[in-house]
Amino acid sequence: MGMKTRDMGAGSMAIVLALLLAGCGGLVVNEKSNRIKLASDPAGATVYANGAELGVTPLEIAPAEHFASGFVGLSYRYYGKLSFRKPGCETYAVDVDDHLLGADIQARLKCDPDYRAPAAGRAPQAAAETYSGRLERIEALRKQGLISPEEYKHLRQRILDEL
């Protein structure tokens, strides 16, 4: 009878050891390169790991460089927040773990089909700001001595060149 008790104790120890080792084995991410690809539909979303910008999709990252790992409950794993942001789209955010970071990630963003990005270049001027109004304003600045005659001439020519 004493022998059976000892065998059960050794068997239990083997099971506990196997479970502990299995918990540590959860950190494998793409065994070949330890990198994963992040993509979005539509492409061009900015990706953040725990609020820090990683780049714009599509991109490839090493999760160990951007996410912390440690014990969460009884398991040792990666943890944190991954988010994809693109103007005109809802932010796609997800809590990360070993399962999520074990493969490439494709985020499908919900975007407003009527969204129009602001035009590139200089900031739009107020509608009331006309060419004649701009010319009058620089003339007043010149008369007040706030700009030199050379600055006035340069600004005036720049406004006229836009016509």
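Before any of the text, the structure's been laid out above.
For the structure given in this document, a descriptive report is provided here. (Residues numbered from 1 in each chain as written. Predicted model: local features only at pLDDT ≥ 70, side-chain atom pairs only at ≥ 80, totals over all residues. Heavy atoms only, no water.)

This paragraph deals with the pairing of strand 3 (residues 52-56). Pairing of strand 2 (residues 46-49) with strand 3, which is carried by 4 bridges, proceeds in the antiparallel orientation. Bridge pairing links tyrosine 48 to glutamate 53 in strand 3. (Pairing = 2+ DSSP bridges. Helix = DSSP H or I, 4+ residues; strand = E, 2+ residues; numbered from the N terminus.)

Tallying each qualifying case throughout the model produces 5 salt bridges. Salt-bridge contacts for lysine 81 lead to aspartate 95; the nearest nitrogen and oxygen are separated by 3.0 Å. Of this pair, lysine 81 sits in strand 6 (residues 75-85) while aspartate 95 sits in strand 7 (residues 92-96), and the two are 14 residues apart along the sequence. A relative accessible area of 55% means that aspartate 95 is categorised as exposed. Lysine 143 is the partner of glutamate 139 in a salt bridge, and the nearest nitrogen-oxygen pair spans 3.9 Å. Of this pair, glutamate 139 and lysine 143 both sit in helix 3 (residues 131-143), 4 residues apart, which is roughly one turn of that helix. Residues participating in the shared-partner salt-bridge network are Glu139, Arg142 and Lys143. (Salt bridge = Lys/Arg side-chain N within 4 Å of Asp/Glu carboxyl O. Buried < 20%, exposed > 50% of the residue type's maximum accessible area, 1.4 Å probe, protein only.)

In summary, soluble globular proteins display a tendency toward joint burial of nonpolar side chains. Counting 17 residues, the largest nonpolar core has Leu38, Phe67, Leu82, Phe84, Leu101 and Ile105 as the members making the most contacts within it. Looking at this core, the elements that each hand over two or more residues are strand 1 (36-41), strand 2, strand 4 (59-61), strand 6 and strand 8 (105-108). A total of 3 residues in this core trace back to one element, the largest contributor, which is strand 6. (Core = buried A, V, L, I, M, F, W, Y, C linked by side-chain atoms within 4.5 Å.)

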